[in-house]
2 protein chains.
Amino acid sequence: MKSSNRIRTVRKTTGEVVAFSEDKLTRSLVRSGASKTQAQTIVARILPMLEEDTTTQQIYKRAFALLRKEQGYMASKYKLKKALFELGPTGFPFEIFIGEVLSHMGYNTQVGVQLQGHCVTHEVDVLALKEGHVSMVECKFHSDQSRTCDVKIPLYIKARFDDLTASGIHHQPGDITEGWVVTNTRFTKDAEQYGTCVGLRLLSWDFPKGNSLKDIIEQFGLHPLTCSTMLTKAEKQMLLDEKMVLSRDVLKHTSLLDKIGIRAPRKNRILNELAYLSNLTQV
Amino acid sequence: MKSSNRIRTVRKTTGEVVAFSEDKLTRSLVRSGASKTQAQTIVARILPMLEEDTTTQQIYKRAFALLRKEQGYMASKYKLKKALFELGPTGFPFEIFIGEVLSHMGYNTQVGVQLQGHCVTHEVDVLALKEGHVSMVECKFHSDQSRTCDVKIPLYIKARFDDLTASGIHHQPGDITEGWVVTNTRFTKDAEQYGTCVGLRLLSWDFPKGNSLKDIIEQFGLHPLTCSTMLTKAEKQMLLDEKMVLSRDVLKHTSLLDKIGIRAPRKNRILNELAYLSNLTQV
């Protein structure tokens, strides 16, 4: 906004009244590692706080405090990939997580459903219903980045899909028409090629491009609570044990923080961070 | 044989000539841990060696030496299950081993074959041809007993079979009509039920009963060289690196023992043990 670039006077510590330069502060913040947008946002938030007797020193101090806070929160968003690994060691919290992600995408979901196939009974990780179509969603959780989903994963999921659809049994909530494979790591080229070829929907950390698991999480603010930099590992585990996985879920059940022994003012700082992770408030 | 129970005289150390009792020697061997059949076999092998001046003491000494030797060899057969684990840590020697087992069952085999399926290229562990029928054989090697083959294994092998047979491509040496799943450990109940239901042939340490991997190995004398109690771990590894896996293979390539630095008389003792493991000679 041009208007925010108007000349505003501030008082130096010497008592001298000088013109305050927004551009100078913006450049200073950028030199400290802020993006241009971040710097401009911070400056825009500083200006209304200024009073007649605010000193240049106070302005800079406040601006850099906001940057540190923003960067701390940003760090918690940046660690999304690591946060997904922290849902382990078992695959169960990841299944609940994917169930929540699908719910936010408009599906009706059930996690961990036993269904009779033609040959055997299968446990389907997530059953997802939308507009009369039922998808079986298989989740493949890996606790480190080096483990990718090779072609065997979509192969066995295709055979499971075939066994369920060949059963002739009418499943609740309806006949399965689609199979998904979801992983927190990556698919091998073969796995991508095979899965796509047989009509499975694949979703991984970075696949499909523009609509990957990472993209969906960021778009809907579905960051797992393990992203938090303020909760301890033990506290995160206690919340996972309560079947909480999303940052935004904790915001709806704040009494859980009391239950696991977190008191104000720390509780408020944690809730602020979780809200930021959920795209629900700004810094 | 009744005739072997006839009275035979032997000389005691005192010079006294007495009747030699086969039953007494048999009972003595059984008390030392021999089976009744083993004891009888040993006694039957002792009798023709006896000369007029053989003493009772010499007879017993010789009989017990034979028992120790037999039990040593038996130990090497008993460790078959462990010997299969020792084919690891990679699954490759187990694939070669299964290729050899199938060859001895009358199949023409190729190990590690790349075949184009409808969606992707698959590496088939063993391709086995017999009477115009081609089987794809998938080998699942586990390096310890606690790892069983769960239902995901036959599931992905069924989907691989489907992708290969749906390709419409004429494979060499012919179109695949059967899928096998072979493991050195066990299948879970679900895996057995699913695999059997979709028409896969399953072969594990103890399945199917009476015609399991264990049964086939013992019947045809196809003990892997890792059964040997005389070869060191390093020597076994050197032979595996030369793509030798069966005890009987080493008997056909005895110069390999020279190559890895094994000299007579140890070489002869090792060859005797390997021959025993291959059901090719008796002790």
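Source: prediction; values computed, not measured.

Draft legend 1. Spotlight on the interface of chain B and chain A. Taken together, the contact between chain B and chain A spans 19 residues of the former and 19 residues of the latter. Contact between chain B and chain A buries roughly 1,500 Å² in total, counting both sides, with carbon and sulfur atoms accounting for 70%. At the junction of chain B with chain A, the criterion picks out 0 salt bridges. At the junction of chain B with chain A, the criterion picks out 2 residue pairs in polar contact (both at pLDDT 80 or more).

Draft legend 2. Molecular detail of the state of the cysteines. Considering all chains together, one arrives at 2 disulfides over all chains under this definition. Here Cys 119 of chain A engages in a disulfide with Cys 197 of chain B; their sulfurs sit 1.9 Å apart. On the sign convention where negative means left-handed, the S-S torsion of about -70° between Cys 119 of chain A and Cys 197 of chain B marks this disulfide as left-handed. With Cys 119 of chain A in the loop between strand S3 (108–116) and strand S4 (121–130) and Cys 197 of chain B in helix H7 (residues 189–197), this residue pair bridges two chains. Of the residues examined, Cys 119 of chain A reaches a relative accessible area of 6% and is grouped as buried. With no disulfide partner, Cys 227 of chain A has as its closest neighbouring cysteine sulfur the one in Cys 139 of chain A, 18 Å distant.

Draft legend 3. Representation of the UniProt feature "domain: Restriction endonuclease type IV Mrr" (unreviewed entry) in chain A. In this numbering, the UniProt entry assigns the feature "domain: Restriction endonuclease type IV Mrr" (unreviewed entry) to residues 91–197 of chain A. Structurally, residues 91–197 of chain A comprises 34% helix and 33% strand, and the distance from its first C-alpha atom to its last is 27 Å.

Draft legend 4. Structural detail: a positive patch on the surface. Among the surface-exposed residues, Lys 12, Lys 24, Arg 27 and Arg 31 of chain A lie close enough to one another that they form a single positively charged patch. Note on placement: Lys 24 of chain A falls in helix H1 (residues 22–31).

Draft legend 5. Region of interest: the relation of the copies chain B and chain A. Structural alignment of chain B on chain A gives an RMSD of 0.2 Å, achieved by rotating through 180° and translating 0.1 Å along the axis. Within this description, the copies of the chain are treated as partners about a two-fold rotation axis. Within chain B, the C-alpha atom positioned nearest to the axis of rotation is that of Tyr 156 of chain B, 1.9 Å from it. Most of the interface of chain B is mirrored in chain A, where 100% of its interface residues are also at the interface.

Draft legend 6. Region of interest: the packing of aromatic side chains. Residues and elements named next belong to chain A. On inspection of all chains with the given rule, the structure shows 6 aromatic pairs over all chains. Plain terms: the ring middles of Tyr 107 and Trp 180 are 5.9 Å apart, the flat faces sit at 90° to each other, and that makes the pair edge-to-face. With Tyr 107 in the loop between helix H5 (92–104) and S3 and Trp 180 in strand S6 (residues 176–183), the pair connects residues that are 73 residues apart, well separated along the chain. Grouping residues by exposure puts Tyr 107 and Trp 180 together as buried. Note that Lys 130 overlies the ring of Tyr 107, its terminal NZ or CZ placed 4.6 Å from the centroid.

Draft legend 7. Spatial organisation of the pattern of salt bridges. Residue and element names in this part refer to chain A. Scanning the model with the defined rule gives 26 salt bridges over all chains in all. Between Lys 158 and Asp 162 there is a salt bridge, with the nearest N and O atoms lying 2.8 Å from each other. Placement of the pair is Lys 158 and Asp 162 together in helix H6 (residues 152–165), with a separation of 4 residues, close to one helical turn. Here Lys 158 falls in the buried class, since its relative accessible area comes to 17%.

Draft legend 8. Representation of the confidence of the model for chain A. Averaged over chain A, the pLDDT score is 88; the fraction of residues at 70 or greater is 95%. Counting contacts from residues 1–5 of chain A, a segment whose pLDDT is below 50, to residues more than four positions away or on other chains yields 4 contacts.

Draft legend 9. Examining the packing of helix H6 (residues 152–165) of chain B against H7 of chain B more closely. Residue and element names in this part refer to chain B. Here H6 crosses H7 at 20°, and the two axes come no closer than 8 Å. Considering their axes alone, H6 and H7 lie roughly parallel with respect to each other. On the side of H6, the interface is formed by Pro 154, Leu 155 and Lys 158, while H7 contributes Ala 191, Tyr 194 and Gly 195.

Draft legend 10. Main features of the domain arrangement of chain A. Residues and elements named next belong to chain A. Entries for chain A in the domain assignment read domain 1 (2–78), domain 2 (88–220) and domain 3 (224–277). Measuring from the centre of the C-alpha atoms in domain 2 to the corresponding centre in domain 3 gives 27 Å. Taken together, the 8 residues of domain 2 in the interface contact 8 residues of domain 3. Regarding the contact of domain 2 and domain 3, the summed buried area is about 690 Å², with carbon and sulfur atoms giving 72% of it.

Draft legend 11. Highlighting the sheet that holds strand S7 (residues 201–203) of chain A. Residue and element names in this part refer to chain A. In spatial order, the strands read S3-S4-S5-S6-S7; together these 5 strands make up an open sheet with mixed pairing. A single partner strand is all that each edge strand has here, and the edge strands are S3 and S7. On average, adjacent strands in this sheet sit at an angle of 35° to one another, irrespective of strand direction.

Draft legend 12. Representation of the pairing of S4 of chain A in the model. Residue and element names in this part refer to chain A. As paired elements, S3 and S4 share 8 bridges and run antiparallel to each other. Looking at S4, one finds that Thr 109 is bridged to Ala 128. Counting the residues that bridge the hairpin from S3 to S4 gives 4 residues. Relative to strand S5 (residues 133–140), S4 runs antiparallel, the two being bridged by 5 bridges. Bridging from a neighbouring strand, Lys 130 pairs with His 133 of S5. With antiparallel pairing between neighbouring strands as the criterion, S4 and S5 make up a hairpin whose turn holds 2 residues, including Glu 131 at a positive phi of roughly 50°.

Draft legend 13. Molecular detail of the pairing of strand S6 (residues 176–183) of chain B. Residues and elements named next belong to chain B. Within S6, 6 of the 8 residues are buried, leaving the element largely enclosed by the surrounding structure. Strand direction decides the pairing type here: strand S5 (residues 133–140) and S6, joined by 7 bridges, are parallel. The partner of Lys 140 across the bridge, within S6, is Thr 183. Each parallel crossover has a hand, and the one from S5 via H6 to S6 is right-handed. With 3 bridges joining them, S6 and strand S7 (residues 201–203) adopt parallel strand pairing. Bridge assignment links Val 182 to a residue of S7, and that residue is Leu 203. As a crossover connection, the stretch from S6 through H7 into S7 is right-handed.

Procedures and definitions
Residues numbered from 1 in each chain as written. Chains lettered and ligands numbered in written order. Predicted model: local features only at pLDDT ≥ 70, side-chain atom pairs only at ≥ 80, totals over all residues. Heavy atoms only, no water. Contact = heavy atoms within 4.5 Å. Buried area = accessible area lost by both parts, 1.4 Å probe. Salt bridge = Lys/Arg side-chain N within 4 Å of Asp/Glu carboxyl O. Polar contact = N/O pair within 3.5 Å; in protein donor to acceptor, adjacent residues only side chain to side chain. Disulfide = S-S within 2.5 Å. Helix = DSSP H or I, 4+ residues; strand = E, 2+ residues; numbered from the N terminus. Buried < 20%, exposed > 50% of the residue type's maximum accessible area, 1.4 Å probe, protein only. UniProt positions renumbered as here; feature names shortened; annotations may be inferred. Patch = residues over 30% accessible without salt bridge, like charges linked within 9 Å, V, L, I, M, F, W, Y side chains within 5 Å. Areas by Shrake-Rupley, 256 points an atom, 1.4 Å probe, with all protein chains shown as cover. Lys, Arg positive; Asp, Glu negative; His and termini not counted. Charge placed at Lys NZ, Arg CZ, Asp CG, Glu CD. Least-squares fit on C-alpha atoms with pLDDT ≥ 70 in both. Phe/Tyr/Trp six-rings, centres within 6.5 Å; stacked < 30°, edge-to-face > 60°. Lys NZ or Arg CZ within 6 Å of the ring centre and 35° of its normal. pLDDT = per-residue confidence, 0-100. Axes fitted to C-alpha atoms, helices over the stretch in contact; angles between N-to-C directions. Parallel < 35°, antiparallel > 145°, perpendicular 65-115°, else oblique. Domains from an automatic or database assignment. Pairing = 2+ DSSP bridges. Right-handed = clockwise from strand over helix to strand, strands pointing away.

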